[in-house]
Structures are given as structure tokens and as C-alpha cells.
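Topology and contacts: notes
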Amino acid sequence: MSKKNINSVTVFSPGRINLIGEHIDYNGGNVLPAAINRKLNLNFNKTHSNLCLVESFDKGKFEFDIDKPLVKSDTHWENYIYGVINEIKKTCNNKLGGFECFITSDLPIGAGISSSAALSCGFSKGLNELFDLGLSDLELIKISHAAEHDFVGIKCGVMDQFAVIMGKIKKLLILNCETLNYKLIDADFKAFKIVLLNTNVSHNLASSEYNIRRQECNMALSIIQNQYNEYKFLADVPEKIIFSLKKNFKKNIYHRALFVSRENKRTLKAAELIQRGKIEEFGNLMYHTHRELSKYYEVSCKELDFLVDFTKNISNVIGSRMMGGGFGGCTINLVQETYVNEFIELANKAYKAKFNINLSSIIVAISNGVEATKTI
Ligand code: GLA
């Protein structure tokens, strides 16, 4: 098919899970994400003019002129799209033209499974194919990341965009966020299924506290660098150095640093355990992570803590923790295959009785990252 004749592109852009390694990406450590079977569907058509129309099945629509400078919108989701276009214009301005894009989705928003990276990555992939921009996967990751980090202003790491673009069916990515080197490992959890329980709460602290955590980690790192300037990233600093500097930190900064150092080690350990089929030991690490995200990193909330605690006396659930940025969204659980339906029913009953909110659930299948199909 001649590249010049492309008029339409359909993109499937998945959400992601993260098995372990939370709040580690922006600290230069290791994370263990994967793309999942819940997706955005983006349909692009050229308009053969300078006009652009973006319409979401549930969030309304907006129009703009591709040749005019883009200014930040008051409508949050629109900025992910403006951010992507803004980044693409820096290198490929003369190749872009007008387009329409219609978006549908079965990916819940605010659930910690990265509907935002699905949007920015799906968008950058779609424009890349529609206008034959020739951008590599890594460039698409960087563009989508910059859209959120610089244009939207959430100082996120690169894990979500990486998983959404590079995900592979039945594989986990063990990604080093300092070097961006990664390895695919089998997502083989034996007799256990990955089940997400969505609290259906999204506390509005999420983005402000996220940026504060980044600042706190930078503070911790600069205190450490005063004495050990060989460490460029907080995730690389051994726990014993943090212990030895305890008196130099405020209590919360000390706890943030300890969490990051330990979580990075846990992630490497987890990848090793999964590869050796030691799934129950991995499940145990998930509980450790949750405990420290809640007590040391302080990004959990009562709904997430309740759901994790709820699993502790159920022998058919071997691991549970909050997932993603926190302050709402999902817990990720490893549940005995034959017990999944009963588990979801019991959790739903208990959660409803406690908070009078309905729980929703996703039984995860690990899928490919973003995929595009072109038509003339
Ligand atoms: C959000 C961010 C990611 C990562 C996680 C926490 O999903 O977008 O970059 O920091 O939170 O692990």
C-alpha cells in the first residue's frame, strides 16, 4: 500500500498494570508493568484541511486549527492531545495536517490503570501512522511522556507510556527507568489470576500529592548527595546509607527515601521470583509494598487499605496491594483461579457494606501494546 494514500487509521491503545515497583520510575529504578486487555479505540481520518475535531464517546468534543499555536485548555483530557501535538510539532510540524479522531473506550478513568497514557500514546501512534511521521517507538514514548509531564503538568515517570507502547501479550516488562533498558519475562502466575478491584474513588489529592512526592524524593536525594555524590537516583541508594543519615532527614522525607530504596530491591527480587515460579513468595512482596506505600509513602487511602486488609485472611488470595499513583483507583490481587468469582462477590459485598460504594473488577489478560491499522 502506498504510504501517500493513507486516509484512515484505527488504533487500539491499552491500559497497563504494574506488578510491583510503584513510584519508582521517576526515581530511576526498576518497574514491572504490562499492557492489558482494556483499551481505548481511536479512529483517525484526514480532513484534508487545517481543521481538527476530536470527539470522545463520553467526554464531548473539541475543535482546533492544526496550524495555530495550541493553548492549554480548562478541560483536563484535551490537554493530553494538545500536549502530544505540541511535542510532535517540535520536530515534524510541516508533516501534520487536519484530522478527525473519534474515541471509544472500555478503560475506566481514574482507576490507576493509565487511561491517560493510553490516550497520549494512542494519539501519538495514530498521528505517526496517519501522517507517516516516521517516529520510532522510543520517540513515541518520549512524546507521550512529555505531553503529560510538561503540557498537562503531572510530573510522571515514563513507566506508563513505556508499557502502553512496548507491552507484549503474556509478558511482563522489567524496565530500568534510568537507562530505559528492558527485558520481557513470562507472565506465568501458575494457578493464579490477576484481578483488579476498582474502589471507584479517585481522591482529588492524586495529582497534587504526586508532584509533592517527586519533590520530597528530590529533597531526600540532595541530602544524600551532600555526602555521597556518586548516587544520581534515589532508587540506587542502599538502605544502610539512608539509615546512617537518619538524623539529617525530616521524618516524612526519611520514610520516602526508605520506601524507594526498598521498593526498587523488591522489584528485582519479584522479577526473579516470578521467573522461578515462586508465585506465593512474590505475593508476599506485594503485601510488603502495600504496607510501605500506605505507611511510609502515604499514597494510599482508607478504601484501598480496606480492600487489601480484606484479603489477608483469605488463603486463596496470595498477594494484594494498591496499584498506580494512589489515593483511589485499583488494588491488584493474585487470586486462585477457581476462587475468582467468589472473591469478587465477597469483596463487593464487604466494600458496599463499609463504604456504600459499588466495587468493579477486571480479570486481567496481559496483551500487546498499542496497535494501529491503516486504510486508504
Ligand atoms: C502514575 C505515573 C507513573 C508512576 C505511577 C506510580 O501512574 O503516571 O509514572 O509513577 O503513578 O508508580
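Residues numbered from 1 in each chain as written. Predicted model: local features only at pLDDT ≥ 70, side-chain atom pairs only at ≥ 80, totals over all residues. Heavy atoms only, no water.

Under the criterion given, the structure shown has 17 aromatic pairs. Between the aromatic rings of Phe189 and Phe282, the centroid separation amounts to 6.3 Å while the plane-to-plane angle is 35°, which identifies the pairing as tilted. Here the residue Phe189 occupies a position in the loop between strand E8 (182-186) and strand E9 (192-202), and Phe282 occupies one in helix H8 (residues 279-295), the gap between them amounting to 93 residues. With respect to burial, Phe189 and Phe282 carry one shared label: buried. Here a set of aromatic residues connected by ring pairs shows up, and it is made of Phe44, Phe62, Phe64, Trp77, Tyr82, Phe99 and Phe123. (Phe/Tyr/Trp six-rings, centres within 6.5 Å; stacked < 30°, edge-to-face > 60°. Helix = DSSP H or I, 4+ residues; strand = E, 2+ residues; numbered from the N terminus. Buried < 20%, exposed > 50% of the residue type's maximum accessible area, 1.4 Å probe, protein only.)

With that out of the way, let us pick up the pairing of strand E1 (residues 8-18). By the criterion of burial, E1 is predominantly enclosed, with 9 of the 11 residues buried. In this structure, E1 lies alongside strand E3 (residues 33-46), joined through 10 bridges in antiparallel fashion. The residue of E3 that forms the bridge with Val9 is Phe44. Two elements, E1 and strand E13 (residues 371-375), share 5 bridges in a ladder whose sense is antiparallel. Its bridge partner lying in E13, Ser8 is registered against Thr375. (Pairing = 2+ DSSP bridges.)

All right, on to the side chain of Asn18 then. Residue placement: Asn18 occurs in strand E1. One polar contact links the side chain of Asn18 to the main-chain amide nitrogen of Leu32, over a distance of 3.2 Å. In this structure Asn18 touches Val31, Leu32, Pro33, Met159, Arg321, Met323 and Ile332, once residues within four positions along its chain are discounted. (Polar contact = N/O pair within 3.5 Å; in protein donor to acceptor, adjacent residues only side chain to side chain. Contact = heavy atoms within 4.5 Å.)

So, about the domain arrangement of the chain. Split into domains, the chain comes out as domain 1 (3-187 + 367-375) and domain 2 (192-364). Averaged C-alpha coordinates put domain 1 and domain 2 at centres separated by 25 Å. Taking both partners together, domain 1 and domain 2 bury about 3100 Å²; carbon and sulfur atoms supply 64% of that area. Among the residues of domain 1 in contact with domain 2, Ile20, Glu22 and His23 are the three that bury the most area, contributing 21% of the side total. Remark: the boundary between domain 1 and domain 2 carries 1 salt bridge. Among the salt bridges present, the one from Arg321 reaches Glu22, with a minimum N-O distance of 2.8 Å. For the interface between domain 1 and domain 2, the tally reads 18 residue pairs in polar contact (both at pLDDT 80 or more). For the side of domain 1 that touches domain 2, the secondary-structure elements that each account for two or more residues are E1, strand E2 (30-31), E3, strand E7 (171-176) and E8. In the side of domain 1 that touches domain 2, the residues fall into 16 nonpolar, 13 polar and 8 charged. (Domains from an automatic or database assignment. Buried area = accessible area lost by both parts, 1.4 Å probe. Salt bridge = Lys/Arg side-chain N within 4 Å of Asp/Glu carboxyl O. Nonpolar A, V, L, I, M, F, W, Y, C, P; charged D, E, K, R; others polar.)

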